[in-house]
Amino acid sequence: MKIRGSNILLQFAVTALVVAAVAWIAYSTGKTHGAGDYDELQNEVEMLKSREKDAAIVKRVSQQMEDIAYEQMNVSNMQRDRAEEQTRLAEANAARAEEQSRLAQDNAAKAQQQSILAQRNAENARMAAEEAREQRDAATYAKSVSDTLSFRTLSRSLGTVATAKYESKETELADILSYASWYFADKYNGNPYQNETFKALSEATGAVSTYTIPHRSVVHDVVPLPAGRKGCTAVTNYGEVVLVEGGRMKMLFSNKDYDFRAVCADERHVFALSHDGQLCVCDYEKLQSAIPLSQDDWFDILDVGAGELVLVGRRTLTWFDRKSMKTGLTQKLQRPLSTAVLRDNGITLFYQDGSCAVIDKAGKISSRSNMAGSVVTAALYSKAQHVTYLGVTNGDIIVVDAADKVVTKLNAHSSRVTGLSLSGDILVSSSYDKEVYVWNLPKLQLGVDRDKSRQGTESTKTGTPTEWLVPANYSSDAWPLAVCTDGAWAWAGMSDGKIVKMCISVSLMSKQTYGKMRRGLTPDEWIQYVGVGIGYVNLK
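Definitions and cut-offs
Residues numbered from 1 in each chain as written. Predicted model: local features only at pLDDT ≥ 70, side-chain atom pairs only at ≥ 80, totals over all residues. Heavy atoms only, no water. Helix = DSSP H or I, 4+ residues; strand = E, 2+ residues; numbered from the N terminus. Buried < 20%, exposed > 50% of the residue type's maximum accessible area, 1.4 Å probe, protein only. Contact = heavy atoms within 4.5 Å. Areas by Shrake-Rupley, 256 points an atom, 1.4 Å probe, with all protein chains shown as cover. Salt bridge = Lys/Arg side-chain N within 4 Å of Asp/Glu carboxyl O. Axes fitted to C-alpha atoms, helices over the stretch in contact; angles between N-to-C directions. Parallel < 35°, antiparallel > 145°, perpendicular 65-115°, else oblique. Left-handed = near helix turned anticlockwise from the far one by under 90°. Nonpolar A, V, L, I, M, F, W, Y, C, P; charged D, E, K, R; others polar. Pairing = 2+ DSSP bridges. Phe/Tyr/Trp six-rings, centres within 6.5 Å; stacked < 30°, edge-to-face > 60°. Lys NZ or Arg CZ within 6 Å of the ring centre and 35° of its normal. Polar contact = N/O pair within 3.5 Å; in protein donor to acceptor, adjacent residues only side chain to side chain. Arc of directions from axis to C-beta.

What's the story with the overall build of the protein chain in this structure? I'm lost.
Helix and strand counts for the protein chain come out as 7 helices and 28 strands. Out of the 540 residues belonging to the protein chain, those deemed buried represent 42%. In the protein chain, the proportion of contacts linking residues at least 24 apart, taken out of those at least 6 apart, comes to 45%. With an accessible surface of roughly 29000 Å², the protein chain has 53% of that area assigned to carbon and sulfur atoms.

Quick question: what am I supposed to make of the side chain of Ser338 here?
Tracing the backbone shows Ser338 in strand β14 (residues 337-343). If sequence neighbours within four positions are ignored, Ser338 has contacts with Phe299, Arg314, Phe350, Tyr351, Gln352, Val375, Val376 and Thr377.

Is there a simple way to think about the pattern of salt bridges in this case?
Side-chain pairs of opposite charge can arise whenever the charged atoms involved come near each other. Applying the stated criterion across every chain yields a total of 22 salt bridges. Linking Asp106 and Arg102 is a salt bridge whose minimum nitrogen-to-oxygen distance equals 3.2 Å. Here Asp106 and its partner Arg102 are both found in helix α2 (residues 38-167), 4 residues apart, which amounts to about one turn of the helix. Residue classification places Asp106 among the partly exposed positions, given a relative accessible area of 32%. Take Arg102: its relative accessible area is 39%, and that puts it in the partly exposed class. In this structure, Asp266 and Arg322 form a salt bridge, with 3.5 Å as the shortest nitrogen-oxygen distance. Here Arg322 lies in the loop between β12 (316-321) and β13 (326-332) and Asp266 lies in the loop between β6 (260-265) and β7 (270-274), a separation of 56 residues in the sequence. Here Asp266 and Arg322 have matching classes, each one buried. A single network of salt bridges, built from pairs that share partners, joins Glu172, Arg518, Arg519 and Glu525.

Teacher, can you tell me more about the packing of helix α4 (residues 195-205) against helix α6 (residues 506-516) here?
Packed helix pairs are characterised by how far apart their axes lie and by the angle those axes make with each other. Interaxial distance between α4 and α6 falls to 9 Å at its minimum, and their mutual angle equals 50 degrees. With respect to α6, the axis of α4 lies oblique. Note that α4 runs across α6; the crossing there is left-handed. Residues Phe198, Leu201, Ser202, Ala204 and Thr205 of α4 touch α6, and the partners they reach there are Val506, Met509, Ser510, Gln512, Thr513 and Lys516. Split into classes, the residues belonging to the contact of α4 with α6 amount to 5 nonpolar, 5 polar and 1 charged.

What is the right way to look at the sheet that holds strand β10 (residues 298-305) in this model?
Sheets are built from strands that pair by backbone hydrogen bonding, the pairs being arranged parallel or antiparallel. If you walk across this open sheet you meet the 4 strands as β10-β11-β12-β13, and the pairing is antiparallel. A strand with exactly one partner marks an edge of an open sheet, and here the two such strands are β10 and β13. Shown here is a sheet whose adjacent strand axes are inclined to one another by a mean of 20 degrees, direction ignored. Of the strand pairs in this sheet, β10 and strand β11 (residues 308-313) are connected by 6 bridges, and their pairing is antiparallel. Of the residues in β11, the one forming a bridge with Asp303 is Leu309.

Honestly, the pairing of β13 in this entry has me stumped. Any pointers?
Moving residue by residue along a regular strand, the side chains alternate between the two faces of the sheet. Judged from the 5 bridges that link them, β12 and β13 form a sheet pairing that is antiparallel. By the bridge assignment for β13, Asp321 is matched with Lys326. The turn linking β12 back onto β13 is made up of 4 residues, and Met325 within it adopts a positive phi angle of 55 degrees.

Whenever I open this one, the sheet that holds strand β19 (residues 387-392) confuses me. Can you help?
Pairing is antiparallel in the open sheet, where 4 strands are placed in the order β18-β19-β20-β21. With partners counted over all chains shown, the strands left at the sheet margins are β18 (376-382) and β21 (406-410), one partner each. The mean angle between the axes of side-by-side strands here comes to 20 degrees, regardless of whether they run parallel or antiparallel. As defined by bridge partners, β19 adjoins strand β20 (residues 397-400) across 4 bridges and the pair is classed as antiparallel. The residue of β20 that forms the bridge with Tyr389 is Val399.

Got a minute to help me understand the packing of aromatic side chains in this structure?
Between two aromatic rings, the relevant description is the distance of the centres plus the angle of the planes. Evaluated as defined, the whole model comprises 17 aromatic pairs. Between Tyr183 and Phe184, the ring centres sit 5.2 Å apart and the planes meet at 80 degrees, which makes this aromatic pair edge-to-face. Where Phe253 meets Phe260, the ring centres are 6.3 Å apart and the plane angle is 55 degrees; that geometry is what we call tilted. For the pair Phe253 and Phe260, a shared accessibility class is recorded, and that class is buried. Taken together, the aromatic side chains of Phe151, Tyr183, Phe184, Tyr188, Trp526 and Tyr536 make up a single cluster linked through ring pairs. The aromatic ring of Tyr351 is capped on one face by Arg335, whose charged end is 4.1 Å from the ring centroid.

Got a minute to help me understand the environment of Lys383 in this structure?
Structurally, Lys383 is set in the loop between β18 and β19. The class for Lys383 is exposed, based on a relative accessible area of 56%. For the pair formed by Lys383 and Asp344, sequence separation is 39 residues and the distance between their alpha carbons is 8.0 Å. Polar contacts involving the side chain of Lys383 include one to the side chain of Asp344, which spans 3.0 Å.

Hey, could you run me through α6 in this one?
Along an α-helix, residues three or four apart share an orientation, since each turn contains 3.6 residues. Those residues of α6 not exposed but buried are Val506, Met509, Ser510 and Thr513. Seen end-on, α6 carries its buried residues on one side only, within an arc spanning 100 degrees. Away from the buried face of α6 by more than 90 degrees, exposed residues Lys511 and Gly515 are located. Among the structural elements, α3 (171-187), α4 and β28 (498-503) are those in contact with the buried residues of α6.

Help me understand the packing of α3 against α4 in this model?
Orientation of α3 relative to α4, taken along the N-to-C sense of each, is 140 degrees, at an axis distance of 9 Å. In this view, α3 runs oblique relative to α4, as classed from their interaxial angle. Read as a crossing pair, α3 and α4 show a hand that is left-handed. When α3 is examined against α4, the residues Asp175, Ser178, Tyr179, Ser181 and Trp182 are found in contact with a partner set consisting of Thr197, Ala200, Leu201 and Ala204. Its residues placed into classes, the contact of α3 with α4 shows 5 nonpolar, 3 polar and 1 charged.

Even after reading the chapter, I still don't get the pairing of strand β23 (residues 426-431), so can you show me in this structure?
The buried fraction of β23 amounts to 6 of the 6 residues, a majority that puts the element mostly inside the structure. Across 6 bridges, strand β22 (residues 417-423) lies against β23 in antiparallel orientation. Bridged to Leu422 within β23 is Leu427. Turn length for the β22-β23 hairpin, with the two strands adjacent in sequence and antiparallel, is 2 residues, and the turn residue Gly424 shows positive phi of about 65 degrees.

So, in structure tokens, the structure goes:
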């Protein structure tokens with residue numbers, strides 16, 4: 001504003017000088033030229049005034065433009081100042097953002113470290129929890145094992161006491177203890193076929209029945225009756241064919257000229273094979289025919305299906321058509337047989353020298369290695385299980401699969417095995433050691449453990465619990481020469497002329513025993529026979 005005021009004063013001064021100059025010129029002119037030049041001077045004055053006016057206008061325009069320029073300069077300065085301020089703010093914000101970014105990176109690194117540490121802590125905690133759970137499970141398992149073994153031991157003890165009570169004629173208490181023995185074995189996954197329990201239940205139910213054949217003959221073979229009929233048919237060395245059905249024994253045929261060694265029964269006929277070469281056919285009432293065979297020591301009959309039987313001699317195999325009642329193909333053998341069994345690939349022949357062969361349907365014989373490693377005296381094939389049971393001379397029972405590989409060996413009898421029969425999961429074996437064994441196979445599983453709840457049980461290398469390798473047994477004063485099974489029952493042909501019927505179903509015997517019981521153990525009896533530390537259970 002000070003500059004502007006100075007310019008105005010300068011303008012006034014210039015104007016005054018111009019006017020003074022003009023006056024001076026006029027005066028001088030007047031002196032020099034006189035009045036004649038007055039008009040010219042006047043014109044010049046007017047021209048100067050016009051020029052002054054134009055100069056004033058130009059000056060005002062210039063002044064306005066200058067003012068505008070100053071105003072623009074001020075605006076520009078303000079904009080520059082604002083831009084500089086914004087720059088400073090931006091730089092400050094950038095510095096602040098950079099600092100925040102650095103802090104964020106530091107925080108992220110710290111967070112990552114904390115996350116890694118937290119993961120490690122979590123993993124350590126998980127491992128500690130897993131270890132604690134394993135220790136808890138181990139402790140629980142150990143207690144369960146201890147409890148289970150205690151209850152299984154209790155089961156055997158109760159069975160032993162029950163048997164003693166039967167001997168002392170304390171039948172009511174003996175029945176209760178027999179059932180209690182089964183109860184603890186069943187509840188704690190023990191073997192209900194353990195001998196103590198099995199014998200006690202057999203006593204409770206009268207599970208053994210005996211049928212005596214006249215003449216004290218030797219019962220060489222016994223087979224179940226065909227489907228729909230309950231009982232068995234048996235043959236003796238005294239030429240007798242006997243039918244046992246409905247609790248009664250009936251003599252179908254008797255001729256002491258025959259020495260029967262094997263029998264087979266279907267819906268219409270009973271076929272009895274005499275060792276000297278006669279096949280006698282009965283119709284459940286009387287003898288119908290006697291078919292002569294070649295000379296040999298005949299000892300077995302195989303039902304090969306399709307209406308055919310194979311008659312087995314020591315050195316001869318003869319096919320027999322049941323429809324035409326005629327013999328067919330006869331195959332002579334180079335070595336004497338000990339036994340034979342029908343399997344999926346044909347008839348497997350076991351020789352007395354310990355060798356083995358297979359004969360197919362066309363009569364072709366192919367040698368095989370003896371999978372049993374000993375002379376086989378009894379053989380049984382299970383189509384359902386795809387295994388073959390082989391009883392040998394030392395009393396063992398060898399179980400082989402379809403590829404003839406041994407899957408289980410049962411240290412069974414102490415002498416030659418004479419018979420094998422299967423009913424569901426129950427295997428029955430007989431021997432010259434005068435014992436009939438009842439094996440419960442679900443736990444044996446042929447070397448494969450089917451029962452996953454075998455806690456607390458010592459096992460063999462095949463996975464079989466050792467307590468299941470001890471079968472229940474029926475003892476006798478005579479040799480059981482043959483056995484067969486029919487559902488819950490087994491039949492044994494004895495060397496003293498008896499046919500023994502035995503219940504082989506623990507489930508059936510336990511139900512029958514429970515049905516006999518009029519009461520359970522009293523609390524005092526429970527403490528005496530079961531124990532104080534086991535909670536009382538009313539068994540009835």
